[in-house]
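# Notes for the structure review
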Amino acid sequence: MDFPEFLKECAKNDELVSEFNRLNRCNLYHLDLNNPRDVKILDQFTDFVYNHIWLMVQNH
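Okay, so let's go over this structure. Each chain has its residues counted from 1, running along the sequence as written. Local features in this predicted model are restricted to residues whose pLDDT is 70 or higher, and side-chain atom pairs enter the listing and the counts only when it is 80 or higher, whereas totals over whole chains, interfaces and linings include all residues. With hydrogens and water stripped out, all remaining heavy atoms of the structure feed into the side-chain values.

### What to know about the pattern of salt bridges
The line we're drawing: A carboxyl oxygen of Asp or Glu within 4 Å of a side-chain nitrogen of Lys or Arg is what we treat as a salt bridge. Per the convention used, a helix needs a DSSP run of H or I reaching at least four residues, while a strand needs a run of E reaching at least two, with both numbered from the N terminus. The cut-offs for exposure are 20% and 50% of the maximum accessible area for each residue type, with area from a 1.4 Å probe on protein chains only; residues under the lower value are buried, those over the upper are exposed, and the others partly exposed.
Throughout the structure, instances matching the rule amount to three salt bridges. One salt bridge connects Glu19 with Arg22, and the closest N-O pair in it is separated by 2.5 Å. Placement of both Glu19 and Arg22 in helix 2 (residues 14-24) is noted, with a separation of three residues, approximately one turn of the helix. Residue Asp38 pairs with Arg37 through a salt bridge whose shortest N-O separation is 3.7 Å. Judged by its relative accessible area of 52%, Arg37 is exposed.

Quick look at the structure:
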């Protein structure tokens, strides 16, 4: 599985998304990708998944 596929699976994980929303005081479920602020939130989620989950999975 490559990272884009992994990211999609993470985005389907309600517990992970809810925790990200809580920590960042945002709502990934209601993003408007025409809004630069919302695009930044999506980028933060991508960075979060990559740095805190993907790298750990790849190292094991």
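### Remarks on the nonpolar core
How we decide: Here, nonpolar core refers to any group of buried Ala, Val, Leu, Ile, Met, Phe, Trp, Tyr and Cys residues whose side-chain atoms link them within 4.5 Å. Contacts between residues were defined by any pair of non-hydrogen atoms, one from each residue, lying within 4.5 Å.
Of all hydrophobic cores here, the largest spans 13 residues; its most connected members are Cys10, Phe20, Leu28, Phe45 and Val49. Of all elements in the fold, only helix 1 (3-11), helix 2 and helix 3 (36-58) reach the threshold of two or more residues within this core. Apart from residues no more than four positions distant in its own chain, Cys10 is found in contact with Leu16, Val17, Phe45 and Val49.

### Details of the environment of His60
Quick note on the threshold: N or O atoms within 3.5 Å of each other form a polar contact, as long as, within protein, one can give a hydrogen and the other can take it, and as long as residues adjacent in sequence are counted only when both atoms are side-chain atoms.
One can find His60 in the segment after helix 3. C-alpha of His60 to C-alpha of Ile41: the two residues are 19 residues apart in sequence and 28 Å apart in space. At 2.7 Å, the side chain of His60 and the backbone oxygen of Met56 are in polar contact.

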